[in-house]
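Coordinate inspection notes
The primary structure of each chain is shown beneath.
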Amino acid sequence: MEKFIKHTGTVLPLRRSNVDTDQIIPAVYLKRVTKSGFEDGLFGAWRNDPEFVLNKPEFAGATVLVAGADFGTGSSREHAVWALQNYGFKVVISSRFADIFRGNSQKAGLLTVVLPQESVEAIWAAVEADPKLAVSVDLESKTVVYGVTSVSFAIDDYTRWRLMEGLDDIGLTLKKLDEVSAFEAERANFKPKTLPIRS
Amino acid sequence: MGKTLAEKIWADHIVSSNPGEPDLLYIDLHLIHEVTSPQAFDGLRLAGRKVRRPDLTIATEDHNVPTQNINLPIADPVSKLQVDTLRANCAEFGVRIHSLGDAEQGIVHVVGPQLGITQPGMTIVCGDSHTSTHGAFGALAFGIGTSEVEHVLATQTLPLLRPKTMAINVEGTLQPGVTSKDIILAVIAEIGTGGGQGFVLEYRGSAIRALSMEGRMTVCNMSIEAGARAGLIAPDQTTFDYVHEKPHAPEGADWDAALAYWSTLHSDADAVFDKEIFINAEELAPFVTWGTNPGQGLPLSANVPNPADIADLEERGAAERALTYMGLVAGTPLKSIKVDTVFLGSCTNGRIEDLRAAAQVLEGKKISPSLRMLVVPGSARVRLQAEQEGLDKVFIDAGAEWRNAGCSMCLGMNPDQLAPQERSASTSNRNFEGRQGKGGRTHLVSPLVAAATALRGTLSSPADL
Ligand code: SF4
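Residues numbered from 1 in each chain as written. Chains lettered and ligands numbered in written order. Predicted model: local features only at pLDDT ≥ 70, side-chain atom pairs only at ≥ 80, totals over all residues. Heavy atoms only, no water.

**A word on the layout of surface pockets**
Residue and element names in this part refer to chain B. Taken as a whole, the second largest pocket encloses approximately 390 Å³ of empty space. Residue lining of the second largest pocket: 16 residues in total, with Asn293, Gly295, Gln296, Glu315 and Ala318 positioned closest to the centre. Among the elements of the structure, helix 6 (180–191), strand 14 (297–299) and helix 11 (313–326) are those that each provide at least two residues to the lining of the second largest pocket. The greatest single-element share of the lining of the second largest pocket, amounting to 4 residues, is contributed by helix 11. Among the residues forming the lining of the second largest pocket, the class breakdown is 6 nonpolar, 6 polar and 4 charged. (1 Å grid on protein atoms, 1.4 Å probe; cavity = no way out; pocket = protein on both sides within 12 Å on 5 of 7 lines; lining within 4 Å. Points joined across faces, edges and corners; volume = space filled by probe spheres on them. Helix = DSSP H or I, 4+ residues; strand = E, 2+ residues; numbered from the N terminus. Nonpolar A, V, L, I, M, F, W, Y, C, P; charged D, E, K, R; others polar.)

What follows is the structure in structure tokens.
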């Protein structure tokens, strides 16, 4: 997982609330054998509509998704997070996230920032006026900054630390590698090995 | 205070332990199959990680491989993609794999023991809930999710919360015709499908000690159907003899050292279990499920229960729904229920002993013309051995289909499925709605009951012949 300290990018203003995981990634896209390649299915049902904001050229290359309330409700599929990340998003901002989605995103390193609905509306208005407006999300100072505006947000210390260190569960265990190696050094010789093959 | 067997194995695998955090446990063996591993390997690839211990990892193809025409390409594109992906991942990460056509290919829980890489005192995991099977050797073995598969591949460890322990004491001698499958079905009917939640089950008592390794595997296999992630049995001479003949058994001084350690693997006399239950083996009879969860079982001589007699409202509702789904009427003698398909196989009852037991019942007889019988060995090696013993001829002469190894109709991910409303007597472990095919109706039974049912056409035990 990449370390997340500060990210600056342009915004995709998604003026919809209750975007559930079936809308983020429809079930027909779940048959893959990878964690990558889900960008094609992101918001699959809406992609055919040329008016859908993701299809608008002025918002191409956006890396910060600013969505309406209750983002990520529905199933527990981790694919929803993968799809957003595969498409290139680093941050999702909303006034309210579904718990499971938020948990999954934090595990996978997609930062979810909770801002009051007024702040969300203000960002929408600002980027609709200027689609190239750069927005910085700073985990160190816990602020979202654009133009002369700065809004602070809350995040629990443990998650913040993990994201800033770039540690997923595996990353955390890899920090204990010395202990794992020490354990392996003491392991009994008679324990079976699958290699080399015996018959 | 003494320790239980589960606590001993746990303690021997702690890599690090901090208050308020899960323990980090070392994993001795990681088994892999095609369905739950692709995203885990992809995760490694994306993070630029390696498999830490390919020499403690092994893969096989079982869940969706065909059991006929295995020399042809797999017809179903999704299955083919998963199998091809597993092969490519194993090649890329240096993991041993036994593919379709190989003598060691088969159901992952049959392959481990037959190679002798399942041994007492180990921690064993697999992205499959029936990993509990390996507990028969006195190993702590349990199923894990795909993100945990990735964690084990990368680190050979898992952060885990300590489970509680439950002793299941089965004392006495089984009556003739009563098998390990009947023991475990009776246990599940007793404690319920949620009764084991949060516990490691330890099966003990004279009836358990008298079982062969294969019988013990059948018991531990279905711990998950009782809600437990793992079940185990203390290793003894039966265990040591079984492991000794296998390819990956320890040799020379290693064997002596292993034996010395394995001999310490039992719950201490003063160990305290969080819960204990007692079952009298003498009273057990051939068991069969009538409903749509493995806890809905009764002795074969009973009648389909009347939901109105069940006091618990939730259970009553479940029974009503189950009878509707199963197309059964309360009060019908179980033995009069006609079956369309008999399935002998799965990681519960697809081992050589299971095939021998069924063949003995079928020898020289013909199955009922009103049904089909599929015999699916648990592994290619089991199939070879059965053929050496001439069991294949017994099955074929009786009118059954002799297939290649795999999970097959246990979960119907390959072409072996029940048609809607088709009724099976199955030696597998799950009778959930649609498990063996959409609309299919499953009765879980032992291999002996499966064979007798195939002969008579209705649910039967060998004593009815
Ligand atoms: S035989 Fe059935 S229960 Fe066993 S691993 Fe295969 S699908 Fe799972």
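**Points about the interface of chain B and chain A**
With 50 residues of chain B at the contact, the number on the chain A side is 35 residues. Buried surface at the junction of chain B and chain A, both sides included, amounts to about 3600 Å², of which 59% is carbon and sulfur. Three residues stand out in chain B for area buried against chain A, namely Gln39(B), Arg49(B) and Arg52(B), and they jointly supply 16% of the buried area on that side. Applying the counting rule to chain B against chain A returns 7 salt bridges. Here Asp28(B) and Arg187(A) are joined by a salt bridge, their closest N and O atoms 2.7 Å apart. Our enumeration of links across chain B and chain A arrives at 22 residue pairs in polar contact (both at pLDDT 80 or more). Looking at the side of chain B that touches chain A, the elements that each hand over two or more residues are strand 1 (14–16), strand 2 (23–26), helix 2 (38–47), strand 4 (57–60), helix 3 (77–93), helix 5 (146–155) and helix 10 (253–262) of chain B. Taken together, the residues of the side of chain B that touches chain A sort by class into 22 nonpolar, 16 polar and 12 charged. (Contact = heavy atoms within 4.5 Å. Buried area = accessible area lost by both parts, 1.4 Å probe. Salt bridge = Lys/Arg side-chain N within 4 Å of Asp/Glu carboxyl O. Polar contact = N/O pair within 3.5 Å; in protein donor to acceptor, adjacent residues only side chain to side chain.)

**What about empty space enclosed by the protein?**
A water-sized probe, rolled over the atoms, reveals where empty space remains. Residue and element names in this part refer to chain B. Scanning all chains against the criterion turns up 1 cavity of 30 Å³ or more. Approximately 60 Å³ is the volume found for the largest cavity. In terms of residue count, the dominant contributor to the lining of the largest cavity is helix 1 (residues 5–11) (3 residues). Grouping the constituent residues of the lining of the largest cavity by class yields 5 nonpolar, 1 polar and 2 charged.

**Focus on the nonpolar core**
Among soluble globular proteins, nonpolar side chains are generally buried collectively. Grouped together as the largest cluster of nonpolar side chains are 74 residues, with contacts concentrated most on Tyr203(B) and Trp262(B). Take this core: its biggest share by element is 7 residues, from helix 6 of chain B. (Core = buried A, V, L, I, M, F, W, Y, C linked by side-chain atoms within 4.5 Å. Buried < 20%, exposed > 50% of the residue type's maximum accessible area, 1.4 Å probe, protein only.)

**Things to note about the sheet that holds strand 10 (residues 199–204) of chain B**
Strands pair in a sheet through their backbones, by hydrogen bonds, and they do so in one of two ways: parallel or antiparallel. All names here are of chain B. Strands sit in the order 11-10-9-12 across an open sheet of 4 strands; the sheet is parallel. The sheet is open, and its two edges are formed by strand 11 (230–232) and strand 12 (275–280), each paired on a single side. Ignoring which end each strand starts from, the neighbouring axes of this sheet average 20° apart. In the sheet, strand 9 (residues 164–171) pairs with strand 10 via 6 bridges, with the strands oriented parallel. The residue of strand 10 that forms the bridge with Thr165 is Val200. (Pairing = 2+ DSSP bridges. Axes fitted to C-alpha atoms, helices over the stretch in contact; angles between N-to-C directions.)

**Here's the deal with helix 10 of chain B**
Residues and elements named next belong to chain B. Those residues of helix 10 not exposed but buried are Trp255, Ala258, Tyr261 and Trp262. Around the axis of helix 10, the buried residues are gathered within 130° of arc, so they sit on the same side. Residues of helix 10 that are exposed and angled more than 90 degrees away from the buried face: Ala253, Asp256 and Ala260. Buried residues belonging to helix 10 abut helix 9 (237–244). (Arc of directions from axis to C-beta.)

**Topic: the pairing of strand 1 (residues 6–9) of chain A**
Residues and elements named next belong to chain A. Only one face of strand 1 is covered, namely the face carrying His7 and Gly9; the face carrying Lys6 and Thr8 is uncovered. Relative to strand 6 (residues 135–138), strand 1 runs antiparallel, the two sharing 4 bridges. Pairing of Gly9 across the sheet is with Val135, part of strand 6.

**Observations concerning the sheet that holds strand 19 (residues 441–444) of chain B**
Residue and element names in this part refer to chain B. With parallel pairing, the 5 strands of this open sheet are ordered in space as 17-16-15-18-19. The open sheet has two free edges, formed respectively by strand 17 (401–402) and strand 19, since each of these has just one partner strand. Of the pairings in the sheet, the one linking strand 15 (residues 341–344) to strand 18 (residues 423–426) comprises 3 bridges and is parallel in character. Note that in strand 18 the partner of Phe343 across the bridge is Ser426. In the packing of helix 16 (residues 447–456) onto the sheet, the strands contacted are strand 15, strand 16 (372–375) and strand 18, and the crossing angle to strand 15 comes to about 150°.

Such coordinate-based values are descriptive only and should not be taken to indicate function.
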